[in-house]
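Read off the chains here:
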Amino acid sequence: MSDFSKMFDEKCLLFAARIVNLCRFLDQEKKGKHIVDQMMRSGMSIGANYAEAECAISENDFLAKLYISLKECNETLYWLRLLRKVNDIDDRQFQSIFDDGEELKRMLVSIIKTKRKNMGMNNSQF
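Below you will find a few notes about this structure. Not measured: the values here are computed from a predicted model.

Cut-off values and rules
Residues numbered from 1 in each chain as written. Predicted model: local features only at pLDDT ≥ 70, side-chain atom pairs only at ≥ 80, totals over all residues. Heavy atoms only, no water. Helix = DSSP H or I, 4+ residues; strand = E, 2+ residues; numbered from the N terminus. Contact = heavy atoms within 4.5 Å. Expected span 1.5 Å × (residues − 1). Buried < 20%, exposed > 50% of the residue type's maximum accessible area, 1.4 Å probe, protein only. Axes fitted to C-alpha atoms, helices over the stretch in contact; angles between N-to-C directions. Parallel < 35°, antiparallel > 145°, perpendicular 65-115°, else oblique. Left-handed = near helix turned anticlockwise from the far one by under 90°. Nonpolar A, V, L, I, M, F, W, Y, C, P; charged D, E, K, R; others polar. Phe/Tyr/Trp six-rings, centres within 6.5 Å; stacked < 30°, edge-to-face > 60°. Salt bridge = Lys/Arg side-chain N within 4 Å of Asp/Glu carboxyl O.

### Things to note about the side chain of Ser69
At step 1: Along the chain, Ser69 turns up in helix H3 (residues 59–85).
At step 2: Ser69 has contacts with Ile46, Asn49, Tyr50 and Leu108, leaving out every residue within four places of it along the chain.

As structure tokens, this is what we get:
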């Protein structure tokens, strides 16, 4: 595993831990139950799918897992925005974790673009 992969894996793990802690807090506060359930799954799936990608059986499998990770990241960001919109979290709670999620998203897009380029594929959808 490269230094970049280790660093990205750690960022995913830390983000997932933050999501779990936020969901525990919201659950204790009896806020956003249905949102919390969805966000918990998607927030933990980002790193899990990246970990699966690290053991992919082909370049296409690797890329597919990265796309799933990206989609889960985008979904998590949606749930965070919704929690903020319904006032279940305040601006301070929202901004820090949202910024971390946006950073993961940008990194995933960069990884996907690089992989697609290395595979001789067009990057026009990004």
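Right, picking up where we left off after that structure.
### Looking at helix H2 (residues 33–54)
At step 1: The first and last C-alpha atoms of H2 sit 33 Å apart over 22 residues, in line with the 32 Å expected at 1.5 Å per residue.
At step 2: Turning to H2, its buried residues are Ile35, Val36, Met39, Ser42, Gly43, Ile46, Gly47, Asn49, Tyr50 and Ala53.
At step 3: Residues of H2 that are buried sit in contact with helix H1 (3–28), H3 and helix H4 (91–118).

### Points about unusual backbone geometry
At step 1: We note that Lys30 has phi near 60°; this positive angle belongs to a residue other than glycine.
At step 2: Structurally, Lys30 is set in the loop between H1 and H2.
At step 3: Non-glycine residue Asn87 carries a positive phi angle of around 65°.
At step 4: With respect to the helices and strands, the residue Asn87 is situated in the loop between H3 and H4.

### Quick word on the environment of Gln28
At step 1: Turning to its location among the elements, Gln28 is positioned in helix H1.
At step 2: The sequence separation of Gln28 and Ser69 amounts to 41 residues, and the corresponding C-alpha distance is 28 Å.

### Remarks on the packing of H2 against H3
At step 1: Packing of H2 against H3 brings their axes to within 8 Å, and their N-to-C directions diverge by 155°. One way to sum up the angle between H2 and H3 is to call them roughly antiparallel. In this structure, the crossing between H2 and H3 has a hand that is left-handed.
At step 2: Within the contact of H2 with H3, the residues separate by chemical class into 13 nonpolar, seven polar and five charged.

### Some remarks on the packing of aromatic side chains
At step 1: Under the definition given, this model contains four aromatic pairs.
At step 2: Considering the side-chain rings of Phe4 and Phe8, the 6.2 Å spacing of their centres and the 10° angle between planes classify their relative orientation as stacked. Taken together, the positions of Phe4 and Phe8, both in helix H1 and four residues apart, correspond to about one turn of that helix.
At step 3: Given a relative accessible area of 0%, Phe8 falls into the buried group.
At step 4: The interplanar angle of 25° and the centroid separation of 4.8 Å between the aromatic rings of Phe94 and Phe98 together place this pair among those described as stacked. Residue Phe94 and its partner Phe98 are both found in helix H4; the two are separated by four residues, about one turn of the helix.

### A closer look at the pattern of salt bridges
At step 1: The full count for this structure, using the stated rule, is six salt bridges.
At step 2: Ionic pairing is found between Arg84 and Asp91, a salt bridge with its closest N-O pair at 2.6 Å.

### Details of the packing of H3 against H4
At step 1: The contact between H3 and H4 brings their axes to 9 Å, and the two run at 160°. Between H3 and H4, the angle is such that the two are roughly antiparallel. H3 and H4 meet at a crossing whose hand is left-handed.
At step 2: By residue class, the composition of the contact of H3 with H4 is 16 nonpolar, three polar and eight charged.

Treat this as a map of the structure, not an account of what it does.
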